[in-house]
Amino acid sequence: MIAFELTMPNIGSWNGKWTGASKRYIRTMPERKVPKKLWGKSFYYGWDDGWGANVSVEKVSCQEAKKLNKISSGFMMYDWMIDSIIRHGEIKIER
């Protein structure tokens, strides 16, 4: 299984805090759906307002994937980042 984990290392809010920082945002999918060249890498995307997202891609066992899915708070509606990583090898907005 492959686990995608979203973090926000750059925070552009007025107080420098992200209310979701205490949660984990993870999606898992079968290895066959993710090119092997992406495993073990991280992908960054920055917005003009100072916010920045990072998505790490890691191979995990099926047991670990089940555990991660249980503790995950979803993917904050950024599933498009996973699609972009798989399709293009980077995070980019498709217009």
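Treat the numbers as computed from the prediction; the structure is a model and nothing was measured. (Residues numbered from 1 in each chain as written. Predicted model: local features only at pLDDT ≥ 70, side-chain atom pairs only at ≥ 80, totals over all residues. Heavy atoms only, no water.)

Draft legend 1. Structural view of the sheet that holds strand β1 (residues 2-10). Here we have four strands laid out as an open sheet, ordered β2-β1-β4-β3, and antiparallel in their pairing. Strand pairing shows two members of the sheet lacking a second neighbour, β2 (25-29) and β3 (41-46), which therefore form its edges. Looking at each pair of strands side by side, their axes are set apart by 20° on average, direction ignored. (Pairing = 2+ DSSP bridges. Helix = DSSP H or I, 4+ residues; strand = E, 2+ residues; numbered from the N terminus. Axes fitted to C-alpha atoms, helices over the stretch in contact; angles between N-to-C directions.)

Draft legend 2. Fine view of the pairing of β1. Alignment of β1 against β2, held across five bridges, turns out to be antiparallel. The residue bridging I2 from the neighbouring strand is M29, located in β2. With seven bridges connecting them, β1 and strand β4 (residues 52-59) associate as antiparallel partners. Each bridged residue has a counterpart across the sheet, and for N10 the counterpart in β4 is G52.

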